[in-house]
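Each chain, written out:
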Amino acid sequence: MNLAKRMELFKGYLGTEMNMRLTKMKEEGRDVINLGLGDPDVTPPPHLLEALRDAVCDPHHHHYPSFYSNRPLREAVAGWYQRRFNVTLDPDTEVLPLLGSSEGLFHIHLCLLDAGDVALVPDPAYPSYEAGVKLAGGQMEAIPLLKKNGFLPDLGAIPPEVARKAKMIWVNYPNNPTAAVATPQFYRELIDWAKKYQVVVVHDNAYTEICFGDFCPPSFLEFDEAKEVGVEFHSLSKSYNACGWRTGMLVGNKEIIAGMAKIKSHADRGMYYPMQVAATRALNGPVDFMDTRNRTFQERRDVVVKGLKKIGPEVEMPKATFYVWSTVPRGYSSSDFCFKVLEEVDVWMIPGSMYGKCGEGYLRIALTHPVDRLEEAMERLKRFVPCRVG
Ligand SMILES: Cc1ncc(COP(=O)(O)O)c(C=O)c1O
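A short tour of the structure in this document, coming up. Because the structure is a prediction, the values reported are computed rather than measured. (Residues numbered from 1 in each chain as written. Predicted model: local features only at pLDDT ≥ 70, side-chain atom pairs only at ≥ 80, totals over all residues. Heavy atoms only, no water.)

1. Some remarks on the overall build of the protein chain
For clarity, the threshold we go by: Each helix is a run of H or I in the DSSP string that is no shorter than four residues. Each strand is a run of E no shorter than two, and both are numbered from the N terminus. Between the two quantities, the radius of gyration covers C-alpha atoms and the globule rule is 2.2 Å times the number of residues to the power 0.38. Using a 1.4 Å probe on the protein chains alone, a residue whose accessible area is under 20% of its type maximum counts as buried, one over 50% counts as exposed, and one in between counts as partly exposed. Pairs of residues are marked as contacts when any of their non-hydrogen atoms sit within 4.5 Å. To measure how exposed things are, a 1.4 Å probe is used in the Shrake-Rupley method; for residues, cover is taken only from the protein chains shown. Residues scored as charged are limited to Lys and Arg (positive) and Asp and Glu (negative), so that His and the chain ends carry no count. Each charge is placed at NZ for Lys, CZ for Arg, CG for Asp and CD for Glu.
Secondary structure assignment for the protein chain yields 14 helices and twelve strands. Its C-alpha atoms give the protein chain a radius of gyration of 21 Å, within 12% of the compact-globule value 21 Å for 390 residues. Overall, the protein chain is about 60 × 55 × 55 Å in size when its C-alpha atoms are taken along their principal axes. By the burial criterion, 57% of the 390 residues in the protein chain qualify as buried. In the protein chain, the proportion of contacts linking residues at least 24 apart, taken out of those at least 6 apart, comes to 73%. Summed over its atoms, the accessible surface of the protein chain is roughly 17500 Å², and 52% of this surface lies on carbon and sulfur atoms. A distance of 3 Å separates the average location of the 46 positive side-chain charges in the protein chain from that of its 49 negative side-chain charges.

2. Regarding the side chain of His47
Of note, His47 is situated in helix H2 (residues 46-57). Using a relative accessible area of 16% as the deciding quantity, one classes His47 as buried.

3. Overview of the sheet that holds strand E6 (residues 200-204)
Where we set the bar: Here a strand pair is declared whenever DSSP counts at least two bridges between the two strands. Throughout, an axis means a line fitted to C-alpha atoms (over the contacting stretch in the case of helices), and angles, computed between N-to-C directions, take values from 0 to 180 degrees.
Spatially, E2-E8-E7-E6-E5-E3-E4 is the arrangement adopted by the seven strands of the open sheet, whose pairing is mixed. Here the strands that pair on one side only, and so sit at the sheet edges, are strand E2 (95-98) and strand E4 (139-144). Each neighbouring strand pair of the sheet contributes to a mean axis angle of 20°, computed without reference to strand direction. Along the sheet, helix H3 (residues 71-85) makes contact with E2, strand E7 (230-235) and strand E8 (248-252), crossing E2 at roughly 110°. Those strands touched by helix H10 (residues 254-267) are E2, E6, E7 and E8, and its axis lies near 35° from that of E2.

4. Remarks on the nonpolar core
Keep this limit in mind: The definition of a nonpolar core used throughout is a set of buried Ala, Val, Leu, Ile, Met, Phe, Trp, Tyr and Cys residues joined through side-chain atoms within 4.5 Å.
In this structure, Tyr81, Trp193, Phe337, Met349 and Ile365 are the most contacted members of the largest nonpolar core, which totals 101 residues. No other element matches the eight residues that helix H12 (residues 289-311) contributes to this core. If we ignore the near neighbours within four places in the chain, the residues touching Met349 are Leu35, Phe337, Cys338, Val341, Leu363, Arg364, Ile365 and Leu381.

5. Examining empty space enclosed by the protein
Operational definition: With a 1 Å grid spanning the protein atoms alone, the term cavity applies to any set of points in which a 1.4 Å probe fits but cannot get out, the term pocket to an open set with protein on both sides within 12 Å along at least five of seven lines, and the term lining residue to any residue with an atom within 4 Å of a point. Grid points are joined across faces, edges and corners, and a volume is the space filled by probe spheres set on the points. Residues are grouped as follows: Ala, Val, Leu, Ile, Met, Phe, Trp, Tyr, Cys and Pro are nonpolar; Asp, Glu, Lys and Arg are charged; every other residue, Gly included, is polar.
By the definition in use, this model includes two cavities of 30 Å³ or more. Each pocket or cavity is described by its volume, and for the largest cavity that value is around 40 Å³. Lining the largest cavity, in full, are Leu73, Val77, Pro97, Leu236, Thr247, Gly248, Met249, Met271, Ala279 and Leu283. For the lining of the largest cavity, the secondary-structure elements that each account for two or more residues are H3, E8 and helix H11 (273-284). Roughly 30 Å³ of internal volume is contained in the second largest cavity. Together, Lys147, Phe151, Glu314, Val315, Glu316, Trp325, Ser326 and Tyr362 line the second largest cavity. Grouping the constituent residues of the lining of the second largest cavity by class yields four nonpolar, one polar and three charged.

6. Let's talk about helix H7 (residues 184-197)
Test applied: Expected span, for any helix, means 1.5 Å times one less than how many residues it has. This arc describes the spread of directions from the helix axis toward the C-beta atoms.
Along its 14 residues, H7 runs 20 Å from first to last C-alpha, staying within 8% of the 20 Å computed at 1.5 Å per residue. Every buried residue belonging to H7 is among Phe186, Tyr187, Leu190, Ile191, Trp193, Ala194 and Tyr197, and all of these are buried. Looking straight down H7, one finds its buried side chains confined to an arc of 165°; they lie on one side. In H7, the exposed residues that point more than 90 degrees away from the buried face are Gln185 and Lys196. Considering only its buried residues, H7 is in contact with strand E3 (118-123), helix H6 (160-165), strand E5 (166-171), E6 and helix H8 (226-229). A positive backbone phi angle near 55° is found at Gln198, which sits one or two residues after H7.

7. Observations regarding unusual backbone geometry
The omega torsion across Tyr173 and Pro174 is -5°, close enough to zero to call that bond cis. Structurally, Pro174 is set in the loop between E5 and H7. Residue Ala179 is not a glycine yet carries a positive backbone phi of 65°. With respect to the helices and strands, the residue Ala179 is situated in the loop between E5 and H7. Phi is positive for Thr321, which is not a glycine, with a value near 75°. By the element assignment, Thr321 lies in the loop between H12 and strand E9 (323-327).

8. Thoughts on the environment of Val328
Checked against the element boundaries, Val328 lands in the loop between E9 and helix H13 (334-345). For Val328, a relative accessible area of 9% gives the class buried. Spatially, the C-alpha atom of Val328 lies 5.3 Å from that of Tyr362, the residues being 34 residues apart in sequence. Apart from the residues within four sequence positions on either side, Val328 is in contact with Ser333, Ser334, Phe337, Gly361, Tyr362 and Leu363.

9. Some points on the sheet that holds strand E12 (residues 362-366)
In spatial order, the strands read E9-E12-E11; together these three strands make up an open sheet with antiparallel pairing. Looking along the sheet, the strands with just one partner apiece sit at the ends: E9 and strand E11 (350-351). Of the pairings in the sheet, the one linking E9 to E12 comprises five bridges and is antiparallel in character. Bridging from a neighbouring strand, Thr327 pairs with Tyr362 of E12.

10. Some thoughts on the packing of helix H4 (residues 100-112) against H10
Heads up, the condition is: The scheme is simple: roughly parallel for angles under 35 degrees, roughly antiparallel for over 145, roughly perpendicular for 65 to 115, oblique for anything else. Rotating anticlockwise by less than a right angle from the far helix to the near helix defines a left-handed crossing, while the corresponding clockwise rotation defines a right-handed one.
The geometry of H4 relative to H10 is characterised by a closest axis approach of 9 Å and an angle of 110° between their N-to-C directions. Judged on the interaxial angle alone, H10 and H4 are roughly perpendicular. The way H4 lies across H10 gives a crossing that is right-handed. Seen from H4, the contacting residues are Glu103, Gly104, His107, Ile108, Leu110, Cys111 and Leu112; seen from H10, they are Ile256, Gly259, Met260, Ile263, Lys264 and Ala267. Here the residues of the contact of H4 with H10 are counted per class, giving eight nonpolar, three polar and two charged.

Quick look at the structure:
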């Protein structure tokens, strides 16, 4: 079959192939601990499951929904942004519900890029950004995220001729895969830089609700003039323990929201109505379950960071996200280490190099299992490492 040439430009999502391999290993009877995919074992609170169940049982809820979702959901998004971030959004023009933020963060390239236009993409980064740029015919310029800069882009190091050519920049804090967080000064600098070079800021804010101690991640839209230069993605996946629901949203700049709504009117027929009802209930409802959930992730984080430190890697204590980003032990490339660990002790961690060149030397662990399984994973690593690393 002759597929389009563009199909050769991007890879399938990195989790897909690996999950097939891990499923096969499990079928062979191996006790694999999968610390790869960011889909934790937590579930949505019971009141949301009830809302979804009741909405599914209503026979009127199975027609085509509105492409843009009904007003109650858009109002709920606006209300949540007001309460959580003190950001005021017009539910009619500044909010667009999505089938998971993935859908929007893929389509946004079609909205912002013409063929050959430059998109600035962090390295390492969530892989869908690169795939979206390539599918839209854009040119990708990698922006290194380095430890010495706290894994934030060094905007001053972007050559002015590159900045002038760029149409958009991807920014994602709290960050996947590095678990880094951004400072208010960074957002201020980013907005000033974006205005100076007329670059659209696309902020992927999927992890704001997974945070520890006193740290409370902001929205990019909290900062003055943010709506003039960009948009923000958010999602119920991580915030409400609902990865499988495929419910997310895009908020911010009106013109971009209108453009994305136009694309969505062709790309999908809107969000299944019972999901809209459950998402509305979630956003309007109590959030106390998040504290308990975050304490669970915090305990897991502490087990993993302590375990890794015992075998030598350099690892920061994350303030947010359910990821731990760590160096690999000396003497290994990221991918050699992770694949050898998988083959020999049945623990899967994602090589940092799968997120970009600057991810080489690192690995990412997702805190998706209970403490006893994470302790078991750290024990297995300890068994693997001392006899291999000189
Ligand atoms: C940085 C980042 N953005 C977006 C997503 C996608 O989220 P959603 O489930 O809303 O599509 C993920 C999922 O892991 C992510 O890590």
